[in-house]
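Overview (structure and organization)
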Amino acid sequence: MQPVAIVIVLAVVILWLVVARGGLSGARFTITIRGKGPARVHVRGAVPGHALSDVVAFVAELDLPTGARVQGLPSSGRIELRFSPEVPAHLQQRMRNFFYMQR
């Protein structure tokens with residue numbers, strides 16, 4: 001194999017790994033709903049000011065649809081929440097209230 005081809009293949013593999021681990025968004029945390037109940041709430045990263053168990057319990061009680069996703073992105077010294085289309089607007093506001101309230 002040519003050295004250029006090896007570099008291209010390596011770059012593609014690295015890009016695939018980055019996207020598979022949550023993308024290029026730079027999110028501080030990502031919450032993904034994989035089904036009903038607390039065991040199906042997957043949190044990647046750390047949610048500032050909240051214990052993981054509290055976050056999982058809160059999100060599980062919202063009864064979000066499978067595939068719903070919330071990301072916390074750094075923005076001007078704060079965390080901005082970004083929601084997937086599966087998260088209804090009224091639940092987005094409840095989540096903002098919860099996540100922006102520090103303990």
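Check the entry above for the structure.
One structure accompanies this document, and this report is about it. Residue numbers restart at each chain and count upward from 1, following the sequence in its written direction. In keeping with the model being predicted, local features are shown solely for residues with a pLDDT of at least 70 and side-chain atom pairs are shown and tallied solely at 80 or more, while totals for entire chains, interfaces and linings include all residues. Neither water nor hydrogens contribute to the side-chain values; these are computed over all heavy atoms in the structure.

1. Considering the overall build of the protein
This is how it is decided: Numbered from the N terminus, helices here are DSSP runs of H or I no shorter than four residues, and strands are runs of E no shorter than two. Partly exposed describes any residue whose relative accessible area lies between the buried limit of under 20% and the exposed limit of over 50%, with all areas from a 1.4 Å probe on protein chains only and scaled to the type maximum. Contacts were defined at the residue level, with two residues in contact if any of their heavy atoms lie within 4.5 Å.
In terms of regular secondary structure, the protein is built from 3 helices and 4 strands. Each helix (α) and strand (β) of the protein, taken in turn from the N terminus, gives the series α-β-β-α-β-β-α. Out of the 103 residues in the protein, the part that is buried amounts to 31%. Taking the intrachain contacts of the protein between residues at least 6 apart in sequence as the baseline, contacts between residues at least 24 apart amount to 47%.

2. Thoughts on the pattern of salt bridges
This is how the line gets drawn: For this analysis, a salt bridge means a side-chain nitrogen from Lys or Arg found within 4 Å of a carboxyl oxygen belonging to Asp or Glu.
If you walk through the whole model with that rule in mind, you get 2 salt bridges. Ionic pairing is found between K36 and D63, a salt bridge with its closest N-O pair at 3.0 Å. Linking K36 in the loop between β1 (29-33) and β2 (41-45) with D63 in the loop between α2 (52-61) and β3 (69-75), this pair joins segments that are 27 residues apart in sequence. A salt bridge links E61 to R94, with the shortest nitrogen-to-oxygen separation between them at 3.5 Å.

3. Points about a nonpolar patch on the surface
Inclusion rule: A patch consists of residues whose relative accessible area exceeds 30% and which take part in no salt bridge; residues with like charges are grouped when within 9 Å of each other, and nonpolar side chains (Val, Leu, Ile, Met, Phe, Trp, Tyr) when within 5 Å. Each accessible area is a Shrake-Rupley result for a 1.4 Å probe, and residues are judged covered by the shown protein chains and nothing else.
Judged by side-chain polarity, V4, I8 and V12 come together as a nonpolar surface patch covering roughly 300 Å² of accessible area. Among the secondary structure elements, I8 is positioned in helix α1 (residues 3-20).

4. Overview of the sheet that holds strand β4 (residues 78-83)
Put simply, the rule reads: A pair of strands is considered paired only if DSSP assigns at least 2 bridges between the two. For helices, the fitted axis covers only the stretch in contact; all axes are lines through C-alpha atoms, and the angles between them, taken along N-to-C directions, range from 0 to 180 degrees.
The 4 strands are arranged β2-β1-β3-β4 in an open sheet whose pairing can be described as antiparallel. Unpaired on one side and paired on the other, β2 and β4 mark the two borders of the sheet. Put simply, the sheet's adjacent strands are angled 20° from each other on average, direction ignored. Contacts from α2 reach β1 and β2 within the one sheet, and its direction differs from that of β2 by about 140°. Of the strands in this sheet, β1, β3 and β4 touch helix α3 (residues 89-100), which is tilted by about 155° from β4.

5. Brief notes about the packing of aromatic side chains
Between two aromatic rings, the relevant description is the distance of the centres plus the angle of the planes. Selection rule: In this analysis, rings of Phe, Tyr and Trp, with Trp reduced to its six-membered ring, are considered paired at centre separations within 6.5 Å, and the interplanar angle assigns stacked below 30 degrees, edge-to-face beyond 60, and tilted for intermediate values. When the NZ atom of lysine or the CZ atom of arginine is within 6 Å of a ring's centre and also within 35 degrees of its normal, the charge is said to sit over that ring.
According to the stated counting rule, one finds 4 aromatic pairs in the structure shown. Relative to F99, the ring of F58 lies with its centre 6.5 Å away and its plane at 90°, an arrangement referred to as edge-to-face. Linking F58 in helix α2 with F99 in helix α3, this pair joins segments that are 41 residues apart in sequence. With respect to burial, F58 and F99 carry one shared label: buried. Sitting over the ring of Y100, R78 keeps its end group 5.1 Å from the ring centre.

6. So, the nonpolar core
One recurring pattern in soluble globular proteins: nonpolar side chains tend to sit buried together. Inclusion rule: Only buried residues count toward a nonpolar core. Its members are Ala, Val, Leu, Ile, Met, Phe, Trp, Tyr and Cys residues joined through side-chain atoms within 4.5 Å.
Among the nonpolar cores identified, the biggest contains 22 residues, and I31, V55, V59, L64, V87, M95 and F99 are the most heavily contacted of them. Residues in contact with V55, not counting those within four places in the same chain, are I31, V43, V47, H50, F98 and F99.

7. Some details on a positive patch on the surface
Let me state the cut-off plainly: Charged residues are defined here as Lys and Arg on the positive side and Asp and Glu on the negative side; His and the ends of the chain fall outside this count. All charge positions are set by atom: Lys at NZ, Arg at CZ, Asp at CG, Glu at CD.
Together, R34, R40, R44 and R69 give the surface a local cluster of positive charge. Tracing the backbone through its elements, the reader meets R40 in the loop between β1 and β2. On the accessibility criterion, R40 (41% relative accessible area) is partly exposed.

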